Amino acid sequence: MFYYKHLWEKTNENEKLLEENLSEAELLIKKYQIQLQRALGNLSLLEDEINKLKSDLKAVKNRNSQYRIENEQLKKKIKDLENKIEALL
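An account of the accompanying structure is given in this report.

The rules behind the values
Residues numbered from 1 in each chain as written. Predicted model: local features only at pLDDT ≥ 70, side-chain atom pairs only at ≥ 80, totals over all residues. Heavy atoms only, no water. Helix = DSSP H or I, 4+ residues; strand = E, 2+ residues; numbered from the N terminus. Rg over C-alpha atoms; globule rule 2.2 N^0.38 Å. Buried < 20%, exposed > 50% of the residue type's maximum accessible area, 1.4 Å probe, protein only. Lys, Arg positive; Asp, Glu negative; His and termini not counted. Charge placed at Lys NZ, Arg CZ, Asp CG, Glu CD. Phe/Tyr/Trp six-rings, centres within 6.5 Å; stacked < 30°, edge-to-face > 60°. Patch = residues over 30% accessible without salt bridge, like charges linked within 9 Å, V, L, I, M, F, W, Y side chains within 5 Å. Areas by Shrake-Rupley, 256 points an atom, 1.4 Å probe, with all protein chains shown as cover. Salt bridge = Lys/Arg side-chain N within 4 Å of Asp/Glu carboxyl O.

Time to look at the overall build of the protein. Secondary structure summary: the protein contains one helix and zero strands in total. A globule of 89 residues ought to have a C-alpha radius of gyration of about 12 Å, yet the protein, at 38 Å, is considerably larger. Buried residues in the protein amount to 0% of all 89 residues. For the protein, the separation between the mean place of its 17 positive charges and that of its 16 negative charges on side chains is 9 Å.

All right, on to the packing of aromatic side chains then. Here the structure, examined in full by the defined rule, presents one aromatic pair. Here Y3 and Y4 contribute two aromatic rings whose centre-to-centre distance is 5.5 Å and whose plane-to-plane angle is 70°, an arrangement assigned as edge-to-face. In terms of burial, Y3 and Y4 fall into one category: exposed.

What follows is about a negative patch on the surface. Together, E15, E19, E20 and E24 make up a region of like negative charge exposed at the surface. With respect to the helices and strands, E19 occurs in helix α1 (residues 2-88). Overall, E19 belongs to the exposed group, its relative accessible area being 54%.

On the surface, L36, L40, L43 and L46 cluster together into a nonpolar patch covering about 400 Å² of accessible area. Within the secondary structure, L40 is located in helix α1.

Put into structure tokens, the structure is as follows:
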């Protein structure tokens, strides 16, 4: 009888330890799940920022090419004016 009682107590202890381990594991899983959700949220925010920066970069490149064209036209006008001034002298 003591043998069976001892076995029963041992299995009870093992079940309690297993339940405690499971509850701790559930808490850890919930904790990491929350951290993962936060990280994914941060990633989506970073992706939005990257997309904004890409569009800003495209706009700056377009403006830069426009300024280059205008600069070339102004240089051409300056050369034309210099030639006219030399012709007048």
